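Structural characterization, general
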Amino acid sequence: MSINYIDELNDSQRAAVLYDNGPSLVIAGAGSGKTRVLTYKIAHLLEVGYEPWSILSLTFTNKAAREMRKRIEKQVGERARYLWMGTFHSIFSRILRTECEALGFPSSFTIYDTADSKSLLKSIIGEMQLDDKKYKVGAVQSRISNAKNHLILPADYGRDAETKQVDAANQMSAIGEIYSRYWQRCRQAGAMDFDDLLVYTYKLLFEHPAICKKYNERFRYILVDEYQDTNFVQHQIVQLLTKENNNICVVGDDAQSIYSFRGANIDNILKFKAIYKEARMFKLEQNYRSSQNIVGAANSLILKNREQIRKDVFSEKEEGELISLDAAYSDVEEGEIVANHIHRLHTREQESYADCAILYRTNAQSRIFEEAFRKRSIPYQIYGGLSFYSRKEIKDVIAYFRLAVNSADEEAFKRIINYPTRGIGKTTVDKITSAARTSQVSLWDTITNPQQYHLELGNAALKKLAAFQEMIMRFMADLEKEDAYTLAIRVLKESGIIKDMGKSDLPENLSKRENVEELVSAIHDFVETRQEEGDPHVGLVDFLSDVSLLTDQDTKVDDDVERITMMTIHAAKGLEFKNVFVVGLEQNLFPSQRCLDSFKALEEERRLFYVAITRAEQRCFLSYAKCRFKYGKTEFSNPSCFIADIDSRYIQPSAPAGFKRAETASRSFGSKKSATPLFEKSLPPRFKKVATTSRTTALPKGDVEQQSGIVVGQVIEHERFGLGDVLKVEGTDENRKATIAFRNVGTKQLLLKFARFKIIG
DNA sequence: CCGATACGCATTTTT
DNA sequence: TGCGTATCGG
């Protein structure tokens, strides 16, 4: 087996692949074959003598890791199995499981997900008797997470001047104390949250030179994908792991850094060469995905960003269609316009629905498109929303597993102590909690030795607790004996979950049962796969350590049916579609208004738009609405400033009839608005009701007649439906209605009393 | 312990 | 506006 580097790689890809002597930075423009380079590079390393287990490659998603492993398998076969390949979190949790005794953690430590960590923070805020209106759990959580990402531990937190200042400004000066307690409580519970997996890995390597050395010797070559999305602590860990061999290859695209709100630090990639002084830089600039027009448009857009590594992305594909730009009057009309486009593509161009994607800035925007598609029976699929593993029923079941594996797990305990209902109410739980706090032991220990920890409860309550405790003990006893699947079934039966869920046949209950069944079958699959791989005992412990790091992205969606994909732009990163619709291009939506005051944030939004456009292979459609229903109100806005950032020669100049008018109209409207920002809240004068029969001051009939005097053949411009031709006018006075054929929304009957429109001609 | 009702909040979310 | 959660009362 030999790799044909000449035929399968272009010059710059080949150079990046073959360079294996010291650190390198691969700047991979959108669609430039980044994964190809990574897989070939690993194949090359194997060919020149690296053992598979001495190569570590880190990704951000399980999906990316799986796909890469699959592709490498195709090239090098069996050996791919022994590569260290996975997400930062999964690889580090694996290391931590073997080494964490050095940190004072049990190897069976629990991983707290965001919900667990929120719940713990809530308890702490309550215990400290802080005002939970001032100390919002989410805000506190993100402050702590931010500190961890910057390796500021509780002991240093108060000392950090900037941190202190920010917290004081937000009237949350107790955050440091909350952080300390949270840190302590996680330790007591034998739990790490997602950030801890990184922080403790760093601590492990930094404070234990022998362990650091061991892993430096193990990993002789390290590759990191999506380097633009790494945060400070990830960057530090990578540095610790590479300090002996200095063999590192990072791949990324600064232009696609869109996760700074999660701590991603674009400087890691921008300043890579400052840290690894002798690093070689390779630029992959040929885009194999998109037409020349799309690449040109994206380039012209990103050129407006100041902070970036210059590159000349080019395409040798066909020139392709120009980018289409549609101005809609309202969010509803935008939905109709997009649906019309897709309908046209489907019937006239034989495009599959599966080749079309709607990309938006916020999840809330999906609804209008759903309605438009449903109306036309166009199949669609929405990505995002509640993930499988964060559903209540799934978390409840898993909490049983967690408590059996790690009895100190406080969040798991609280979740299931009275689920299914076993008569252990809030008062009892409060007593357990305070007894546990006083003695500094876990909730579990407290109910195991109630008298030792002064748990003052009635006999009935004690009896119920003992029964609960015995049940969990039975599961604990069999952790080693039984496989995950068998034990999971027993947990479901003996805990009474199955009985509880069988109680009602309400649709939501049915779906809960389905979900639990899906979980059980996932456990079954897990056990079988591991057994096939030669693992003699696959217990719940193993399942748990795997499942905590899974996300929605890992649950498969059946793609047998051809349907339109709808998702946020963030979710679309790394994907590609023949036809892409980027919608809601309005000021205050995209870019989001929270970004307008910060230069850095605005550039990130622009990168987000860049990511959106570069998902398209052949056609890219942009659209915006002049008004949009938001929080129960109609809000008006201007087209996104990003539209003007695209060189106009890439944009289809001749919009269909009506659009030009809309353009000019919105522009003149816009100039007014920017002069007086208050104005956007009120209804613009041109959309005053034509026929006003206000409740308080009813106009005389004659006036109504005159004002609502629209006649067949006229063209009107409606506030939400846009341009339309008057087909018919009937009825008198208050019941007067008109039938209007709107150009983009179809024919509608409007009661003139309520209709907001103006007569154009 | 559940249901009704009120209240507040409302980007993006790889792990 | 519309949802998810918090709280109170039966």
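Along each chain, residue indices are assigned from 1 in the same order as the chain's sequence is written. Think of it this way: whatever chain is written first is A, whatever ligand is written first is 1, and the rest follow in order. Residues qualify for local features only when their pLDDT is at least 70, as the model is predicted, and side-chain atom pairs are given and counted only at 80 or more; totals for whole chains, interfaces and linings, by contrast, use all residues. Each side-chain value is worked out from all heavy atoms of the structure, with water and hydrogens disregarded.

Here we take up the overall build of chain A. A tally of regular secondary structure across chain A gives 32 helices and 22 strands. C-alpha atoms define the radius of gyration in this analysis, and the globule rule sets the expected value at 2.2 Å times the number of residues to the power 0.38. Relative to the 2.2 N^0.38 estimate, which gives 27 Å for 761 residues, the radius of gyration of chain A is 30 Å and therefore close to what a compact globule would have. Each residue's exposure class comes from its accessible area (1.4 Å probe, protein chains only) as a fraction of the maximum for that residue type: buried when under 20%, exposed when over 50%, partly exposed otherwise. Out of the 761 residues belonging to chain A, those deemed buried represent 53%. Sequence separation of at least 24 residues holds for 75% of the intrachain contacts in chain A that already meet a minimum separation of 6. For accessible areas, the Shrake-Rupley method is used with a probe of radius 1.4 Å. Any residue's cover is judged against the shown protein chains and nothing else. Only carbon and sulfur atoms are counted for the fraction: they give 50% of the accessible area of chain A, which is about 34700 Å². His is not counted, nor are the chain ends, whereas Lys and Arg count as positive and Asp and Glu as negative. Here the site of a charge means NZ on Lys, CZ on Arg, CG on Asp, or CD on Glu. Once the 107 positive and 104 negative side-chain charges of chain A are each reduced to a mean point, those two points are 5 Å apart. Put simply, DSSP marks the helices as runs of H or I at least four residues long and the strands as runs of E at least two long, and each gets a number from the N terminus on. In what follows, a contact means two residues having at least one pair of non-hydrogen atoms within 4.5 Å.

Moving on to the protein's contact with DNA strand B. Residue proximity to a molecule or strand is established when one non-hydrogen atom of the residue lies within 4 Å of it. The environment of DNA strand B is formed by 26 residues, the closest being Y259, R262, R361, T551 and T568. Here DNA strand B approaches the protein such that, of its atoms within 4 Å, sugar and phosphate make up 48%. Counted as a polar contact is a pair of N or O atoms within 3.5 Å, where, for protein atoms, one must be capable of donating a hydrogen and the other of accepting one, and residues adjacent in sequence contribute only when both atoms are in side chains. Take N62: an N or O atom from its main chain is 3.4 Å from a phosphate oxygen of DNA strand B. T568 is positioned with one of its side-chain polar atoms (N or O) 2.7 Å from a phosphate oxygen of DNA strand B. Under this grouping Gly is polar, as are all residues other than the nonpolar Ala, Val, Leu, Ile, Met, Phe, Trp, Tyr, Cys and Pro and the charged Asp, Glu, Lys and Arg. Of the residues that constitute the surface near DNA strand B, the class distribution is 7 nonpolar, 13 polar and 6 charged.

With that settled, consider the pairing of strand 3 (residues 84–87). Taken residue by residue, a regular strand's side chains alternate between the two faces of the sheet. By this definition, two strands are paired if DSSP reports at least two bridges between them. The pairing of strand 2 (residues 55–59) with strand 3 spans 4 bridges and is parallel. Residue L58 lies in a different strand from strand 3, and its bridge partner there is G86. Throughout, right-handed denotes a crossover for which the path from the first strand over the helix to the second runs clockwise when the strands point away from the viewer. Crossover handedness for the path strand 2 to helix 4 (residues 62–76) to strand 3: right-handed.

Turning next to the protein's contact with DNA strand C. Taken together, the neighbourhood of DNA strand C is formed by K122, R367, F629, Y631 and G632. Taking the atoms of DNA strand C that fall within 4 Å of the protein, sugar and phosphate contribute 53% of them. Within the side chain of K122, a nitrogen or oxygen atom sits 3.1 Å from a phosphate oxygen of DNA strand C. Taken together, the residues of the surface near DNA strand C sort by class into 2 nonpolar, 1 polar and 2 charged.

This part covers the packing of aromatic side chains. Centre distance within 6.5 Å is the pairing criterion for rings of Phe, Tyr and Trp, where only the six-membered ring of Trp is used; planes under 30 degrees apart are then read as stacked, over 60 as edge-to-face, and the remainder as tilted. Going through the model one piece at a time under the given rule, you end up with 24 aromatic pairs. Taken together, a centroid distance of 4.3 Å and an interplanar angle of 10° make the contact between F581 and F621 stacked. Of the two residues, F581 is situated in strand 15 (residues 577–582) and F621 in strand 16 (residues 616–630); the sequence distance between them amounts to 40 residues. One exposure class covers both F581 and F621, and it is buried.

Here, nonpolar core means buried Ala, Val, Leu, Ile, Met, Phe, Trp, Tyr and Cys residues that are tied together by side-chain atoms lying within 4.5 Å of each other. With 69 residues, the main nonpolar core has F92, V140, I178 and L241 as its most contacted residues. Setting aside chain neighbours within four positions, we find V140 in contact with L121, I125, Y135, M172, I175 and I178. F401, I497, V516 and V527 belong to the second largest nonpolar core, which has 51 residues in total.

This paragraph deals with the pattern of salt bridges. One side-chain nitrogen of Lys or Arg within 4 Å of one carboxyl oxygen of Asp or Glu is enough to make a salt bridge. Using the criterion set out here, one finds 48 salt bridges in the structure. Between D478 and K481 there is a salt bridge whose closest N-O contact spans 3.2 Å. You can call D478 buried: its relative accessible area is 12%. Across the pair R490 and E494 runs a salt bridge, and its minimum N-O distance is 2.8 Å. With R490 and E494 both in helix 24 (residues 484–494) and 4 residues apart, the pair spans about one turn of that helix. By sharing partners, the salt bridges in this structure join E127, R185, E410, E411, K414 and R437 into a single network.

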